[in-house]
Amino acid sequence: QVQLVESGGGLVQVGDSLKLSCAANVRTFSSYLCGWFRQAPGKEREFVAAISRDGHMTEHANSVRDRFTIFRDNSKNLVHLQMNSLKPEDTAVYYCAADLVSLRIGVRPEDYEYWGQGTQVTVSS
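Residues numbered from 1 in each chain as written. Predicted model: local features only at pLDDT ≥ 70, side-chain atom pairs only at ≥ 80, totals over all residues. Heavy atoms only, no water.

Engineer: What exactly am I supposed to notice about the overall build of the protein here?
Structural biologist: Tallying secondary structure elements over the protein gives zero helices and 11 strands in all. Each helix and strand of the protein, ordered N terminal to C terminal, gives the series β-β-β-β-β-β-β-β-β-β-β. Taken against the 2.2 N^0.38 rule, which gives 14 Å for 125 residues, the C-alpha radius of gyration of the protein at 13 Å falls within 12% of a compact globule. Its C-alpha atoms give the protein principal-axis dimensions of roughly 40 × 25 × 25 Å. Taken over 125 residues, the protein has a buried fraction of 42%. Looking at the protein alone, contacts between residues at least 24 apart form 60% of all its contacts between residues at least 6 apart. Working note: accessible area of the protein is about 6700 Å², and carbon and sulfur atoms make up 47% of it. When the 13 positive and 14 negative side-chain charges of the protein are each reduced to one mean point, those points stand 3 Å apart. (Helix = DSSP H or I, 4+ residues; strand = E, 2+ residues; numbered from the N terminus. Rg over C-alpha atoms; globule rule 2.2 N^0.38 Å. Buried < 20%, exposed > 50% of the residue type's maximum accessible area, 1.4 Å probe, protein only. Contact = heavy atoms within 4.5 Å. Areas by Shrake-Rupley, 256 points an atom, 1.4 Å probe, with all protein chains shown as cover. Lys, Arg positive; Asp, Glu negative; His and termini not counted. Charge placed at Lys NZ, Arg CZ, Asp CG, Glu CD.)

Engineer: Explain the environment of W36 to me, please; I cannot follow it from the model alone.
Structural biologist: Relative to the helices and strands, W36 resides in strand β4 (residues 33-39). A C-alpha to C-alpha distance of 9.9 Å links W36 and G118, two positions 82 residues apart in sequence.

Engineer: Just to check I follow, could you spell out the side chain of D111 for this structure?
Structural biologist: Looking at the secondary structure, you find D111 in the loop between β9 (92-99) and β10 (114-115). Look at D111 and you get buried, because its relative accessible area is 18%. In terms of polar contacts, D111 uses its side chain to reach the side chain of R108, at 2.8 Å. Setting aside its immediate chain neighbours within four residues, D111 contacts D99, S102 and G106. (Polar contact = N/O pair within 3.5 Å; in protein donor to acceptor, adjacent residues only side chain to side chain.)

Engineer: Just checking my understanding: could you explain the pattern of salt bridges for this structure?
Structural biologist: Note that side chains of opposite charge can pair when their charged atoms are close. For the structure shown, the criterion picks out five salt bridges. R67 is paired through a salt bridge with D90; the nearest N and O atoms lie 2.8 Å apart. Taken together, the positions of R67 in the loop between β6 (58-60) and β7 (68-73) and D90 in the loop between β8 (78-83) and β9 put the pair 23 residues apart, joining distant regions of the chain. The two residues R67 and D90 agree in class, both being buried. Each of R38, E46, R67 and D90 takes part in salt bridges that share partners, so that together they form one network. (Salt bridge = Lys/Arg side-chain N within 4 Å of Asp/Glu carboxyl O.)

Engineer: Sorry, what's going on with the nonpolar core here?
Structural biologist: Ranked by size, the top nonpolar core spans 33 residues in total, and within it W36, V48, F68, V79, L81, M83 and Y94 carry the most contacts. At the level of secondary structure, the elements contributing two or more residues to this core comprise β3 (18-24), β4, β5 (46-51), β7, β8, β9 and β11 (119-124). Setting aside residues up to four positions removed in sequence, V79 forms contacts with L20, S21, C22, F29, C34, W36, I51, I70, F71, R72 and C96. (Core = buried A, V, L, I, M, F, W, Y, C linked by side-chain atoms within 4.5 Å.)

Below is the structure:
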């Protein structure tokens, strides 16, 4: 019943910026913790960022700290990932994730029940 749809990916050059968005078709979006993960070919799914239900608390992976920012707009059922200073190693499929029952922000894929289909981000060197 829960659907998450990512958008905003694309092909960019080193140093460029992208803004990813995730739209959720849930009745009470503010009840869900949200996160972003990414997965490169042949690699495990990797934590990128997460945000609390009210948007007050966030977590960012060390690899993206000071470059990426997660934020949400509960009035529009949207969570975003602003990505700046992109590097080739950021190339991956980026997934939006959400969880209803977790009490705290999670950094593991298994902490999230619902997932989007992913959007491709490619950073050329």
